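# Examining the three-dimensional arrangement
If you want the building blocks of each chain, they are given just below.
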Amino acid sequence: MFWARTDYTQQLARLGAVNVKPSLLDALLPLITQYKERVKSKLYEWFDTILRRDVEKVAETIQLIDGQLLTTAPVDVFDCVQQQVTVAEDTAYPPLQLEVAHAIVGALLYFKDQAVALLSQWKTLELEYLIALVNNTDKCCELTEGLADRLSAKLPPELRDNLDMQPAIQGFTQGVNACLTALVKVILYDVNSTMYELFEADWLRGQVTEPVLACAEAYLEDDYRPYLLEPFVNRISLDCLGVLVYRYSEEMFGAKHQHRFSPDVIAKVRSDVEAIHAVFGKCAYCRAARY
């Protein structure tokens, strides 16, 4: 391709062949389009294989890196991407590099969609893997930002504006949020049935709020905080707090509990507020919420 842009054109000029039609460079355009689709297809295939192995052999792929649980998927995905970038750069033909970049954006969005689709199985996936999915997706976002800088630096100014990696970056950001929501669901699923006992006799005896908060705290402090970035734990805490306070209020003011605000009930509500603060007050977002 480099020859077609340089030596070939110069040789034609020396031979006096000017404005030769059809131009060899014109013929490159449909080939570039075909190559772009080929790259995207291969990346889809490789990404499917990576994700399938990620789930089936999680014990082999999961690892602790700088205190975070991740699998090998982000590195494997971007190794595949870098191979395609290098091939495109070796042609020294910017239009091809740009089209390959567009193919990569589409493939990365596909990988994100497939990873997020796994969250529909959150009840059966291992908790460690759900945690790793958060970190994996965040790592992919970081690697995509770095890739965008590299691709942009290689393109001439007239093509640089046509490079848009934001859809992939935003896609991974949305993917992180979806993964965090799955971790919230894990907590709420375990406490859901107990929440129906609020304001019943067992609640007054300390057998409802206390185990609900103990369960939430165990997840947040023992399972999530050691392996997730602080902003992610804060987001999970805030989402859980919002749901728990809503359910508490719903039971407190529900029809079956109206007009039952005895001194014992009022005292227990005050005690619950202190207990909720003790668990969720560790989260800066929750403190700011002023529950």
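Below: a short report on this structure. For every chain, the first residue of the written sequence is number 1, and numbering continues from 1 onward in sequence order. Side-chain atom pairs in this predicted model are given and counted only at pLDDT of 80 or more, local residue features only at pLDDT of at least 70, and totals for whole chains, interfaces and linings cover all residues. As a rule here, side-chain values come from all non-hydrogen atoms in the structure, and water together with hydrogens is ignored.

## Things to note about the nonpolar core
Worth spelling out the cut-off: We define a nonpolar core as any set of buried Ala, Val, Leu, Ile, Met, Phe, Trp, Tyr and Cys residues linked to one another through side-chain atoms lying within 4.5 Å. Relative accessibility decides the category of a residue: with a 1.4 Å probe and only protein chains considered, values under 20% of the type maximum give buried, values over 50% give exposed, and everything between is partly exposed. Each helix is a run of H or I in the DSSP string that is no shorter than four residues. Each strand is a run of E no shorter than two, and both are numbered from the N terminus. For this analysis, residues touch if any pair of their heavy atoms sits within 4.5 Å.
Within the largest apolar cluster, 86 residues are counted, with the highest numbers of intra-cluster contacts made by Phe 47, Leu 108, Tyr 224, Leu 228, Ile 236 and Phe 280. Contributions of two or more residues to this core are made by helix 3 (24-56), helix 5 (73-90), helix 6 (94-117), helix 7 (127-154), helix 9 (166-195), helix 11 (209-224), helix 12 (230-252) and helix 13 (263-280). Ranked by residue count, the leading element in this core is helix 9, at 14 residues. With near-sequence residues (within four places) excluded, Phe 47 lies in contact with Val 77, Cys 80, Val 81, Ala 107, Leu 108 and Phe 111.

## Describing empty space enclosed by the protein
Definition in use: A pocket, in this scheme, is an open set of points on a 1 Å grid over the protein atoms alone with protein on both sides within 12 Å along at least 5 of 7 lines, while a cavity is a set where a 1.4 Å probe fits but cannot get out; residues line either one if an atom lies within 4 Å of a point. Grid points are joined across faces, edges and corners, and a volume is the space filled by probe spheres set on the points. Side-chain classes follow a simple rule in which Ala, Val, Leu, Ile, Met, Phe, Trp, Tyr, Cys and Pro form the nonpolar group, Asp, Glu, Lys and Arg form the charged group, and the remainder, Gly included, forms the polar group.
With the rule as written, the count across this model stands at two cavities of 30 Å³ or more. Estimates place the volume of the largest cavity at around 100 Å³. Taken together, Met 195, Leu 198, Val 208, Thr 209, Val 212, Leu 213, Leu 241, Leu 244, Val 245, Tyr 248, Ile 276 and Phe 280 make up the full set of residues lining the largest cavity. Secondary structure elements with two or more residues in the lining of the largest cavity: helix 11, helix 12 and helix 13. Considering every element that reaches the lining of the largest cavity, the biggest residue donor is helix 12, with four residues. By residue class, the composition of the lining of the largest cavity is eleven nonpolar, one polar and no charged. Here the second largest cavity defines a volume of roughly 60 Å³. Together, Leu 51, Asp 54, Ala 73, Phe 111, Lys 112, Ala 115, Tyr 129, Leu 133, Asn 136, Thr 137, Cys 140 and Phe 172 line the second largest cavity. Those elements giving two or more residues to the lining of the second largest cavity turn out to be helix 3, helix 6 and helix 7. In terms of residue count, helix 7 provides more of the lining of the second largest cavity than any other element does, five residues in total. Its residues assigned to classes, the lining of the second largest cavity comprises eight nonpolar, two polar and two charged.

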